[in-house]
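As a plain string of letters, each chain reads:
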Amino acid sequence: MRPTRLVDLLISAVVAALATWLLVRRFYGDLPPLPYTAALTTFLLAVAELFLAPSVTARLAGKPRTKPILPMVVARLAALAKASSQLAALAFGAWVGTGVHLLRNTDLRQARADLVVAGLSAGAAVLLGVAALRLERACRIPDPSDRPDRLDPTALA
């Protein structure tokens, strides 16, 4: 599995922004008000991944007072991180596309409220992207020379 590239995430965000802008422009009048919970759930997932990353790093490095981590758990967390980073890029693009449309309609009371939701949700998507990339980086196997419990063969010479 290759590391996630920022270019790939940027492309996903731009495509999502354009597609969402076109759809919202056409169907905004038929949509219900945007839910505030969209930002909250994205934010909670980001917080969870931010808290997981240091623990995974410490456990993989074999730091004292940490339990070893199973390779399957690391693989699952890496898959979660990759999926979350892609979700974050798509969500960010969708909320930006929605926000761009709403910026032109701020004279409507509901459009102003929806613009706040779109802004908060876009911010939460950025936080999720950062957290996901950090967790993905934490799931990389550390260099064996960095392990404190390993003897450096060159130190014996």
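Our subject is the structure listed above.
Residues numbered from 1 in each chain as written. Predicted model: local features only at pLDDT ≥ 70, side-chain atom pairs only at ≥ 80, totals over all residues. Heavy atoms only, no water.

Undergrad: Run through the overall build of the protein, naming residues and quoting values.
TA: Each helix and strand counted, the protein has four helices and zero strands in total. Counting from the amino terminus, the protein carries its helices and strands in the arrangement α-α-α-α. Residues counted as buried form 34% of the 157 residues belonging to the protein. In the protein, the proportion of contacts linking residues at least 24 apart, taken out of those at least 6 apart, comes to 84%. Carbon and sulfur atoms make up 68% of the accessible area of the protein, which amounts to about 10,200 Å² in all. (Helix = DSSP H or I, 4+ residues; strand = E, 2+ residues; numbered from the N terminus. Buried < 20%, exposed > 50% of the residue type's maximum accessible area, 1.4 Å probe, protein only. Contact = heavy atoms within 4.5 Å. Areas by Shrake-Rupley, 256 points an atom, 1.4 Å probe, with all protein chains shown as cover.)

Undergrad: Account for the nonpolar core, with residues named and values stated.
TA: Counting eleven residues, the largest nonpolar core is built from A53, V56, L60, I69, V74, L77, A78, A81, L135, A138 and C139. Contributing elements (two or more residues each) for this core: α2 (37–61), α3 (71–103) and α4 (109–138). The greatest single-element share of this core, amounting to four residues, is contributed by α3. If you look at the next biggest cluster of nonpolar residues, it comprises eight residues, including L34, A38, A91 and A122. (Core = buried A, V, L, I, M, F, W, Y, C linked by side-chain atoms within 4.5 Å.)

Undergrad: So, the pattern of salt bridges: which residues are in play, and what are the values?
TA: Enumeration over the complete set of coordinates arrives at two salt bridges. D8 serves as the salt-bridge partner of R2, at 3.4 Å between the closest nitrogen and oxygen. Taking the relative accessible area as the measure of exposure, R2 reaches 56% and is therefore exposed. Given a relative accessible area of 24%, D8 falls into the partly exposed group. Overlapping salt bridges, with partners in common, bring together R2, R5 and D8 in one network. (Salt bridge = Lys/Arg side-chain N within 4 Å of Asp/Glu carboxyl O.)

Undergrad: Tell me about α2, and please be specific about residues and values.
TA: Under the 1.5 Å per step criterion, the end-to-end length of α2 is 37 Å for 25 residues, consistent within 8% with the ideal 36 Å. Those residues of α2 that fall on the buried side of the exposure criterion are A38, A39, T42, A46, E49, A53, V56, A58, L60 and A61. The inward-facing, buried residues of α2 contact α3 and α4. Two residues or fewer past α2, G62 is found with a positive phi of approximately 70°. (Expected span 1.5 Å × (residues − 1).)

Undergrad: Explain the environment of A75 to me, using residue names and the numbers behind them.
TA: If you trace the backbone, A75 turns up in helix α3. Separated by 61 residues in sequence, A75 and E136 have C-alpha atoms that sit 9.7 Å apart.

Undergrad: How would you sum up the side chain of T20? Please name residues and give values.
TA: Structurally, T20 is set in helix α1 (residues 6–27). Assessed through its relative accessible area of 16%, T20 is described here as buried. Sequence-distant contacts of T20, that is, excluding residues within four places in its chain, are made with A94, G97 and T98.

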